[in-house]
Amino acid sequence: MYFYCEACKKEYPLNTHSYKCECGGMFRLHKDPHEEGAKGISLGEFVTPLLPYQAGKLDFLLKMEHLLPTGSFKDRGAYSLINELHNVGIKKIALDSSGNAGASVAAYAAAAGMDCTVYVPDDISQEKVKQIEAYGAKIIKVANGRMKACAAVKQNLGDAYYASHVYNPLFFEGIKSMAHELYEQLGHHVPDYIFMPVGNGTMLIGLFLGFMEIGRLPHFVAVQSSKCAPLYEAFHEVPASPKRATIAEAIRITQPKRLKEMLQAVKDSGGDVITVQDKDILKAQKELAHHGIYVEMTSAAALAGAEQFFENGKPDNYKVVIPLTGNGLKR
């Protein structure tokens, strides 16, 4: 198992302190067929339920990712990332996050005995700050938004390994497990549609890779906030608009580093990218809560998107999955 550059194909070992190729290309992961990933560091991961959900005349399947150990789907990626880094001897890591990835990586790093520093935007919710700090990680708040946090950690890595959920392909390896779970839960069938909130595209890319292994893609529908929608603008080839704050803070990513891969995933799946307004996200969160399901705002964006997409109805035989990405206790 090793990294290679998507542009020039140069190879790098997993323990490299480079986070991208010297030519500027992003890393991808080479893994031999049937090669097993490292294991041993666990927080009690499990197969998350696939819950039937009725929204008016629409029926969906909710993938309950918000029930994972730290309360978000990012635990899948953190499990894979930290196990591999622990296996190659990494002891000190740093990363940037809007909250969920920081909490997941900090938790698994604590279980592995790693030193962890998390750079976050200064408007991160206090609940997420408390969670990250509870795991023993150091928090560094950075002013002026999520992308500034990304720049700050890269400028101040020192001898720390950049354990990024965006740059490091080991994180996507963990997300792939959701695709295989869904395939098993649906009786060896692939869903017709998967709606997901998209910022940096961690889930989108991971699911794409996972379903490629299975051999068939669902239609991926990426949901973004109308206030910050760079993938929507690129996919539909519309002029960029000013990026503003949104209640879906986890997907407020103004310049996603893997935009090209995100576009490929949506296009290859015959999918789409849509935007939703904050008022509809809030409505969807309340709707879920009134059914006993408490998720953070970003999770609710996916339900708002699915309801908007199928506002004129959907075929009864369509299997439409909505992963609930984060627990409501985080906000």
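The rules behind the values
Residues numbered from 1 in each chain as written. Predicted model: local features only at pLDDT ≥ 70, side-chain atom pairs only at ≥ 80, totals over all residues. Heavy atoms only, no water. Buried < 20%, exposed > 50% of the residue type's maximum accessible area, 1.4 Å probe, protein only. Helix = DSSP H or I, 4+ residues; strand = E, 2+ residues; numbered from the N terminus. Contact = heavy atoms within 4.5 Å. 1 Å grid on protein atoms, 1.4 Å probe; cavity = no way out; pocket = protein on both sides within 12 Å on 5 of 7 lines; lining within 4 Å. Points joined across faces, edges and corners; volume = space filled by probe spheres on them. Nonpolar A, V, L, I, M, F, W, Y, C, P; charged D, E, K, R; others polar. Right-handed = clockwise from strand over helix to strand, strands pointing away. Pairing = 2+ DSSP bridges. Axes fitted to C-alpha atoms, helices over the stretch in contact; angles between N-to-C directions. Core = buried A, V, L, I, M, F, W, Y, C linked by side-chain atoms within 4.5 Å. Expected span 1.5 Å × (residues − 1).

Visitor: Just give me the short version of helix α8 (residues 259-268), but keep the residues and values in it.
Guide: All buried positions along α8 are accounted for by Glu-261, Met-262, Leu-263, Ala-265 and Val-266. Among the structural elements, β3 (27-30), α6 (202-214), β11 (219-225), α7 (230-236) and β12 (272-276) are those in contact with the buried residues of α8. One or two steps after α8, the chain reaches Gly-270, where phi turns positive at roughly 65 degrees.

Visitor: Run through empty space enclosed by the protein, naming residues and quoting values.
Guide: Applying the stated criterion across every chain, the model contains five cavities of 30 Å³ or more. In this model, the largest cavity occupies a volume close to 220 Å³. Around the largest cavity, the lining is made up of 19 residues, and of these Phe-73, Lys-74, Gly-199, Ala-250 and Ile-251 lie nearest the centre. A class-by-class count of the residues in the lining of the largest cavity yields seven nonpolar, nine polar and three charged.

Visitor: I'd like a description of the pairing of β11, backed by residues and values.
Guide: Burial analysis of β11 places six of its seven residues in the buried class, which makes it a mostly covered element. With respect to chirality, the unit in which strand β10 (residues 193-197) leads through α6 into the neighbouring parallel β11 is right-handed. Across five bridges, the pairing between β11 and β12 is parallel. Paired with Ala-222 across the two strands is Val-273, which belongs to β12.

Visitor: Explain the environment of Val-47 residue by residue, including any values.
Guide: The residue Val-47 is located in the loop between β3 and β4 (50-55) in this model. Its relative accessible area of 52% is what places Val-47 among the exposed residues. Leaving out residues up to four positions away in the same chain, Val-47 has contacts with Lys-63, Glu-181 and Gln-185.

Visitor: Now, about the sheet that holds strand β6 (residues 92-96): what can you tell me, with residues and values included?
Guide: Across the sheet, which stays open at both edges, the four strands sit in the order β8-β7-β6-β9 with parallel pairing between neighbours. Either end of the sheet is taken by a strand with one partner, and the two such strands are β8 (138-142) and β9 (161-162). Summarising the sheet, β6 and β9 pair through two bridges and their orientation is parallel. When the bridges of β9 are listed, Ile-93 appears paired with Tyr-161. In this fold helix α2 (residues 100-112) packs onto β6 and β7 (115-121), with an angle of close to 170 degrees to the strand it touches most, β6.

Visitor: Provide a residue-level description of the pairing of β4, including the pertinent values.
Guide: By the bridge criterion, six bridges tie β4 to strand β5 (residues 58-63) in an arrangement that is antiparallel. Opposite Gln-54, over in β5, you have Asp-59 as the bridge partner. Counted along the chain from β4 to the antiparallel partner β5, the turn is two residues long, and its residue Gly-56 has a positive phi close to 65 degrees.

Visitor: With reference to specific residues and values, describe the nonpolar core.
Guide: Judged by nonpolar contacts, the single largest core of 64 residues is most densely connected at Ile-82, Leu-85, Ile-93, Leu-204, Leu-207, Phe-211 and Phe-220. Take this core: its biggest share by element is seven residues, from helix α5 (residues 169-185). Look past the residues within four positions of Leu-85 in its chain and what remains in contact with it is Leu-14, Ile-90, Ile-93, Met-114, Tyr-161, Ala-163 and Leu-170. By size, the runner-up hydrophobic cluster in this structure holds 30 residues, among which are Met-64, Leu-288, Ile-293 and Ala-306.

Visitor: Go over α2, please, and point to the residues and values.
Guide: Taking 1.5 Å of rise per residue, the 13 residues of α2 would be expected to cover 18 Å, and the 18 Å separating its terminal C-alpha atoms lies within 8% of that figure. In terms of residue burial, α2 counts as a mostly covered element, since eleven of its 13 residues are buried. Of the positions making up α2, those classed as buried are Asn-100, Ala-101, Gly-102, Ala-103, Ser-104, Val-105, Ala-106, Ala-107, Tyr-108, Ala-109 and Ala-112. The secondary structure elements touched by the buried residues of α2 are α1 (74-87), β6, β7, α3 (126-134) and α5. Just downstream of α2 lies Gly-113, where phi reads positive at about 75 degrees.

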